[in-house]
Every structure is written in structure tokens, then in C-alpha cells.
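Reading the structure
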Amino acid sequence: MARKRPKSSASIATTSSAATGFTIHHIRPDGTPKQLQFVKELIPGDEVVISTVVREKYAIVVREGIRTPGLIGVSPYSDWIQLQEGPNRIRVSTQDVSRPYTIEYTEKYGGL
């Protein structure tokens, strides 16, 4: 029987000025708080893509269309957030200006 495997990712775009990272605050449906900190400096136009899929986690920085590894930007003290079934409360914060962001959750089905 196939089992569901959730996939979650977040994409953060940097717009007008350089920034030193951001924090994704996540409160799971059971009330457990988690946060993921991205501490690498970003420049205007950068996009950060983070996947929190179990065994498929990654962080990528897209600068001028070129994708580079961004895992070094994820703080070692961070929790890798995992979107779960039910209401997930999410907030993204930065130290300077607000940044546009998108969060995507995709149900995956796998197994034989």
C-alpha cells in the first residue's frame, strides 16, 4: 500500500537592500514551536529555496539565475521545520525590512 510523504519548501526573495538572513517561525498543529534561521548575507534579487522533506533537505541560493548551495546559511542551532497535516502557523522575520516569501506544501505518494 502506498504511503503519503509530505513535502514542504519555502522560497524567500530579497528585494531592495542587502540583508543578513531571516528566521522562519513555525508552530506545529500540536503547538510545538520550531524555528529555522538562515544567517548567510543576501543581496537584492537573491532567492533562497529551502526544502524540509525528510531525507531530502536542502537550501539553495539563486543569484542572477545561478543556483548555489545554501546549506552553510542554515544555522546549526535551527530546527528543520516540517509542515504537518492541520493548521501550521508560520511567520518569517528579518532584522531589517520585510521580504516577500512563498511557502508550498505538496503531498507526495510513494512506495510499492
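Counting of residues starts from 1 at the beginning of each chain's written sequence and follows it residue by residue. Local features are withheld for residues below a pLDDT of 70 in this predicted model, meaning they are given only at 70 or higher, and side-chain atom pairs are given and counted only at 80 or more; totals for whole chains, interfaces and linings count all residues. In computing side-chain properties, one takes all heavy atoms of the structure into account and sets aside hydrogens as well as water.

**A closer look at the overall build of the protein chain**
Put simply, the test is: For the purposes of this entry, the term helix denotes a DSSP run of H or I that reaches at least four residues, the term strand denotes a run of E that reaches at least two, and both are numbered from the N terminus. The cut-offs for exposure are 20% and 50% of the maximum accessible area for each residue type, with area from a 1.4 Å probe on protein chains only; residues under the lower value are buried, those over the upper are exposed, and the others partly exposed. A contact between two residues is defined here by any heavy atoms of the two lying within 4.5 Å. The protein chains shown are the only cover counted for residues, whose accessible areas, like all others here, come from Shrake-Rupley with a 1.4 Å probe.
Summing up its helical and strand segments, the protein chain has zero helices and eight strands in all. Written out in order from the N terminus, the α and β elements of the protein chain read β-β-β-β-β-β-β-β. Here the protein chain holds 112 residues, and the buried ones make up 34% of them. Nonlocal contacts in the protein chain, meaning residues at least 24 apart in sequence, comprise 65% of its contacts between residues at least 6 apart. Entry remark: accessible area of the protein chain is about 7000 Å², with carbon and sulfur atoms responsible for 54%.

**Observations regarding unusual backbone geometry**
We note that glutamate 64 has phi near 55°; this positive angle belongs to a residue other than glycine. Note on placement: glutamate 64 falls in the loop between strand S5 (58–63) and strand S6 (66–69).

**A closer look at the nonpolar core**
Burial of nonpolar side chains together is a common tendency in soluble globular proteins. Under the convention used in this document: Residues enter a nonpolar core if they are buried and are Ala, Val, Leu, Ile, Met, Phe, Trp, Tyr or Cys, with the set joined through side-chain atoms within 4.5 Å.
Phe22, Ile24, Leu36, Phe38, Leu42, Val48, Ile50, Ala59, Val61, Val74, Ile81 and Val92 form the largest nonpolar core, which has twelve residues in total. The element that contributes the greatest number of residues to this core is strand S3 (residues 33–42), accounting for three residues. Setting aside residues no more than four positions away along its own chain, valine 61 makes contact with Phe38, Lys40, Leu42, Asp46, Glu47, Val48, Ile66, Arg67, Thr68 and Gly70.

**Thoughts on the side chain of arginine 28**
Where we set the bar: When charges are tallied, Lys and Arg are placed among the positive residues and Asp and Glu among the negative ones, while His and the ends of the chain are skipped. For this document, the term salt bridge refers to a Lys or Arg side-chain nitrogen within 4 Å of an Asp or Glu carboxyl oxygen.
Within the secondary structure, arginine 28 sits in the loop between strand S2 (19–27) and S3. Look at arginine 28: it is buried, it has no salt bridge, and the nearest opposite charge is aspartate 30 at 5.1 Å. Excluding anything up to four places from it in sequence, arginine 28 contacts Lys34, Gln82, Gln84, Pro87 and Asn88.

**What to know about the packing of aromatic side chains**
What counts, and what does not: Only Phe, Tyr and Trp rings take part, Trp by its six-membered ring, and two of them pair if their centres are within 6.5 Å. Stacked means planes under 30 degrees apart, edge-to-face means over 60, and tilted covers everything else.
For the structure on display, the rule yields one aromatic pair. Each ring, one from phenylalanine 22 and one from phenylalanine 38, has its centre 5.3 Å from the other, and the planes form 15°; the classification is stacked. Residue phenylalanine 22 is located in strand S2, and its partner phenylalanine 38 is located in strand S3; the two are separated by 16 residues in the primary sequence. One exposure class covers both phenylalanine 22 and phenylalanine 38, and it is buried.

**Observations regarding the confidence of the model for the protein chain**
Convention followed: pLDDT measures how confident the predictor is about each residue, on a scale from 0 to 100.
On average, the protein chain scores 78 in pLDDT, and the residues at 70 or more come to 74%. Across the protein chain, element-level confidence peaks in S6 with a mean pLDDT of 93 and bottoms out in strand S1 (residues 3–13) with 51. Here residues 1–6 is a poorly scored stretch, pLDDT under 50, and it has 19 contacts once near neighbours within four places are set aside; other chains count.

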